Amino acid sequence: APKAGGAGWWTGSEARGNHLGDSYLYAGHFAGQPFISAILFDLASVPRGAPIKEASLRLTGLQADRFEAGAGGAWTVQLLAAESFKDLADGPARADFQQIYSAPAAVTLLPTLYPADLGQNQVNLLSLDASGREWLAQQVANGAPYVVARITGPTSGNDTLFAWDSGAGPATGGEAPKLTLSTGAAPPTPPPLPTEVVIVVTSTPSPANVLTVAAQAQTATAAATAMGTPTPPAYRQVTPT
């Protein structure tokens with residue numbers, strides 16, 4: 001199950017980031033605004049190098065007062081890699097709606113959910129196919145700290161908004177999302193962790209005086225004029241601390 005504050009919802013109408021820790025996992029649209037939810041599952045306890053034989057996600061319906069079955073539409077659950085949030089200091093906890101919504105999906109869980117599949121206290125059991133399980137096992141082998149399950153619903157047509165139970169907050173029914181993995185035996189020696197090539201950037205010292213500031217500005221202008229826009233670096237840049 002997700003840890004405290006590891007599940008919540010986002011909406012496109014709010015500049016604030018998220019509603020992590022809320023009881024509801026909303027997905028769909030209401031009053032002209034899209035809603036999506038995300039759940040962070042810690043992978044630390046999964047043995048590295050072990051094959052994943054079965055994998056399923058259990059969700060339990062919590063609220064349907066703004067859900068309109070006659071509006072149709074479909075709800076989808078996808079897995080996102082931790083790598084998608086590496087540039088955010090606190091990962092998905094710092095992501096806004098657009099960052100969660102546009103993050104590339106690595107795996108789509110089956111089945112797709114339709115209005116007839118949704119209801120208060122109704123359980124939805126979704127699974128990963130063979131390629132999805134292989135991807136997740138590789139994430140574990142590569143040392144990924146977590147995986148994110150994103151829930152999206154219809155974004156147009158008549159209003160229809162459904163909510164699953166996050167397992168937290170005052171309105172929860174105590175049915176937190178559960179990611180269940182059945183693994184084979186782990187190898188005696190875990191596989192080596194991949195290494196990343198980075199560019200180590202040394203911070204520029206603070207200018208000693210205004211003359212240094214002016215000189216640096218003129219140098220930057222001259223370089224931009226002579227060479228144009230610099231080519232983006234091929235590797236991620238990091239600063240030693």
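Quick note: structure is the one above.
Now for a description of the structure that goes with this document. None of the values given here were measured: they were computed from a predicted structure.

### Quick word on the overall build of the protein
Argument step 1. What the protein contains, in helices and strands, is three helices and 12 strands.
Argument step 2. Taking 18 Å as the expected radius of gyration for a compact globule of 241 residues, we find that the protein reaches 22 Å, considerably beyond that expectation.
Argument step 3. In terms of overall dimensions, the protein has a C-alpha envelope of 70 × 55 × 30 Å along the principal axes.
Argument step 4. For the protein, with 241 residues in total, the buried portion stands at 36%.
Argument step 5. Partitioning the contacts of the protein with sequence separation of at least 6, the portion at a separation of at least 24 is 81%.
Argument step 6. In the form shown here, the protein has an accessible surface area of approximately 13100 Å², with 54% of it arising from carbon and sulfur atoms.

### Details of unusual backbone geometry
Argument step 1. The linkage connecting L110 with the following residue, P111, adopts the cis geometry, with an omega of 5°.
Argument step 2. Locating P111 in the fold gives a position in the loop between β6 (107–108) and β7 (123–127).
Argument step 3. Phi is positive for A31, which is not a glycine, with a value near 55°.
Argument step 4. For A31, a relative accessible area of 59% translates into the label exposed.
Argument step 5. Its identity is not glycine, yet N121 carries a phi of approximately 70°, on the positive side.
Argument step 6. Among the structural elements, N121 can be located in the loop between β6 and β7.

### Some remarks on the environment of G49
Argument step 1. Among the secondary structure elements, G49 is positioned in the loop between β3 (33–42) and β4 (52–63).
Argument step 2. Its relative accessible area of 32% is what places G49 among the partly exposed residues.
Argument step 3. Along the primary structure G49 and G5 are separated by 44 residues, whereas in three dimensions their C-alpha atoms are 29 Å apart.
Argument step 4. With residues up to four places along the chain from it excluded, the contact list for G49 reads A141, P187 and P191.

### Details of the packing of aromatic side chains
Argument step 1. If you walk through the whole model with that rule in mind, you get eight aromatic pairs.
Argument step 2. Note on F97 and Y101: the rings are 5.5 Å apart at their centroids and 15° apart in plane angle, and the pair reads as stacked. One end of the pair, F97, and the other, Y101, are both in helix α1 (residues 97–102), four residues apart, so they sit about a helical turn from each other.
Argument step 3. Among the aromatic side chains, those forming a connected cluster through ring pairs are W9, Y24, Y26 and F35.
Argument step 4. The ring of F30 carries R66 above its face, with NZ or CZ at 5.0 Å from the centroid.

### Observations concerning helix α2 (residues 130–141)
Argument step 1. The terminal C-alpha atoms of α2 lie 16 Å apart, and with 12 residues this matches the ideal 16 Å at 1.5 Å per residue to within 8%.
Argument step 2. Within α2, the full set of buried residues consists of G132, R133, W135, L136, A137, Q139, V140 and A141.
Argument step 3. Buried residues belonging to α2 abut β4, β5 (76–81), β6, β8 (146–152) and β10 (178–183).
Argument step 4. Positive backbone phi, approximately 85°, marks G143, located one or two places after α2.

### Section: the side chain of S166
Argument step 1. Inspection of the secondary structure assignment puts S166 in the loop between β9 (160–165) and β10.
Argument step 2. A residue is classified by how much of its surface remains accessible, and S166, at 5% relative accessible area, is buried.
Argument step 3. A distance of 2.6 Å separates the side chain of S166 from the backbone oxygen of D22, its partner in a polar contact.
Argument step 4. Reaching out from S166, the side chain makes a polar contact with the backbone nitrogen of A168 at a distance of 3.2 Å.
Argument step 5. The contacts of S166, once residues within four sequence positions are left out, are P2, A7, D22, S23, Y24, L25, A176 and P177.

### Focus: a nonpolar patch on the surface
Argument step 1. Together, V197, I199 and Y235 make up a nonpolar patch on the protein surface, roughly 270 Å² of accessible area in all.
Argument step 2. With respect to the secondary-structure elements, I199 resides in strand β11 (residues 198–200).

About the thresholds
- Residues numbered from 1 in each chain as written.
- Predicted model: local features only at pLDDT ≥ 70, side-chain atom pairs only at ≥ 80, totals over all residues.
- Heavy atoms only, no water.
- Helix = DSSP H or I, 4+ residues; strand = E, 2+ residues; numbered from the N terminus.
- Rg over C-alpha atoms; globule rule 2.2 N^0.38 Å.
- Buried < 20%, exposed > 50% of the residue type's maximum accessible area, 1.4 Å probe, protein only.
- Contact = heavy atoms within 4.5 Å.
- Areas by Shrake-Rupley, 256 points an atom, 1.4 Å probe, with all protein chains shown as cover.
- Phe/Tyr/Trp six-rings, centres within 6.5 Å; stacked < 30°, edge-to-face > 60°.
- Lys NZ or Arg CZ within 6 Å of the ring centre and 35° of its normal.
- Expected span 1.5 Å × (residues − 1).
- Polar contact = N/O pair within 3.5 Å; in protein donor to acceptor, adjacent residues only side chain to side chain.
- Patch = residues over 30% accessible without salt bridge, like charges linked within 9 Å, V, L, I, M, F, W, Y side chains within 5 Å.
- Salt bridge = Lys/Arg side-chain N within 4 Å of Asp/Glu carboxyl O.

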